[in-house]
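Examination of the molecular architecture
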Amino acid sequence: QVQLVESGGGLVQPGGSLRLSCQHSGSIFNMYVMGWYRQAPGKQRELVATLKVGGRGEYADSVKGRSTISRDNHMKTVSLQMNSLKPEDTAVYYCYGNQDGVNYWGQGTHITVDY
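Below, the structure is looked at part by part.

Conventions used here
- Residues numbered from 1 in each chain as written.
- Predicted model: local features only at pLDDT ≥ 70, side-chain atom pairs only at ≥ 80, totals over all residues.
- Heavy atoms only, no water.
- Salt bridge = Lys/Arg side-chain N within 4 Å of Asp/Glu carboxyl O.
- Helix = DSSP H or I, 4+ residues; strand = E, 2+ residues; numbered from the N terminus.
- Buried < 20%, exposed > 50% of the residue type's maximum accessible area, 1.4 Å probe, protein only.
- Contact = heavy atoms within 4.5 Å.
- Polar contact = N/O pair within 3.5 Å; in protein donor to acceptor, adjacent residues only side chain to side chain.
- Phe/Tyr/Trp six-rings, centres within 6.5 Å; stacked < 30°, edge-to-face > 60°.
- Lys NZ or Arg CZ within 6 Å of the ring centre and 35° of its normal.

Under the definition given, this model contains 4 salt bridges. Note that Glu46 and Arg38 form a salt bridge whose closest N and O atoms lie 2.8 Å from each other. As a salt-bridge pair, Asp89 and Arg66 come within 2.8 Å of each other at their nearest N and O atoms. Of this pair, Asp89 sits in the loop between strand S8 (77-82) and strand S9 (91-99) while Arg66 sits in the loop between strand S6 (58-59) and strand S7 (67-72), and the two are 23 residues apart along the sequence. Asp89 sits in the buried class, given a relative accessible area of 0%. Judged by its relative accessible area of 10%, Arg66 falls in the buried class. Overlapping salt bridges bring together Arg38, Glu46, Arg66 and Asp89 as one network.

Below, the structure is given as structure tokens:
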């Protein structure tokens, strides 16, 4: 059974920074695609950033230039560093993985950007 467990998140002021981490466990040694999606209240879930094994990060336009996705394949983790946070970044952030066409999701972690 594959599990994705997120850490990080919380309340941050506008202009601040936050780092999310996610670790996958289970039968998959090296998840081919890992990344992050988010869902704001009343909106659909949207891609934030993804990173394939050996690839480059792909980012949504809304976070490009102020976010960096990275992964540690040995530790089975993916991280998302977000800077210059805006109120519109407020959402539940979900860790995502894909291996052999099967999607995996974490439980989600909240980020609230507010004073």
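What follows covers the environment of Ser17. Checked against the element boundaries, Ser17 lands in the loop between strand S2 (10-12) and strand S3 (18-25). The contact partners of Ser17, leaving out residues within four places of it in the chain, are Val12, Gln81, Met82, Asn83, Ser84 and Leu85. Separated by 2.9 Å, the side chains of Ser17 and Asn83 make a polar contact.

With that settled, the discussion passes to the packing of aromatic side chains. If you walk through the whole model with that rule in mind, you get 3 aromatic pairs. Residues Tyr96 and Trp105 carry aromatic rings whose centres are separated by 5.0 Å and whose planes lie at 50 degrees to one another, so their mutual orientation is tilted. The exposure class assigned to Tyr96 is buried, which follows from its relative accessible area of 10%. Every member of this aromatic cluster is reached through a ring pair, and the members are Tyr37, Tyr96 and Trp105. When the ring centre of Tyr94 is taken as origin, the NZ or CZ atom of Arg45, which lies over that ring, is 3.7 Å away. The cationic tip of Arg45 hangs over the ring face of Trp105; the distance from NZ or CZ to the ring centre is 4.6 Å.

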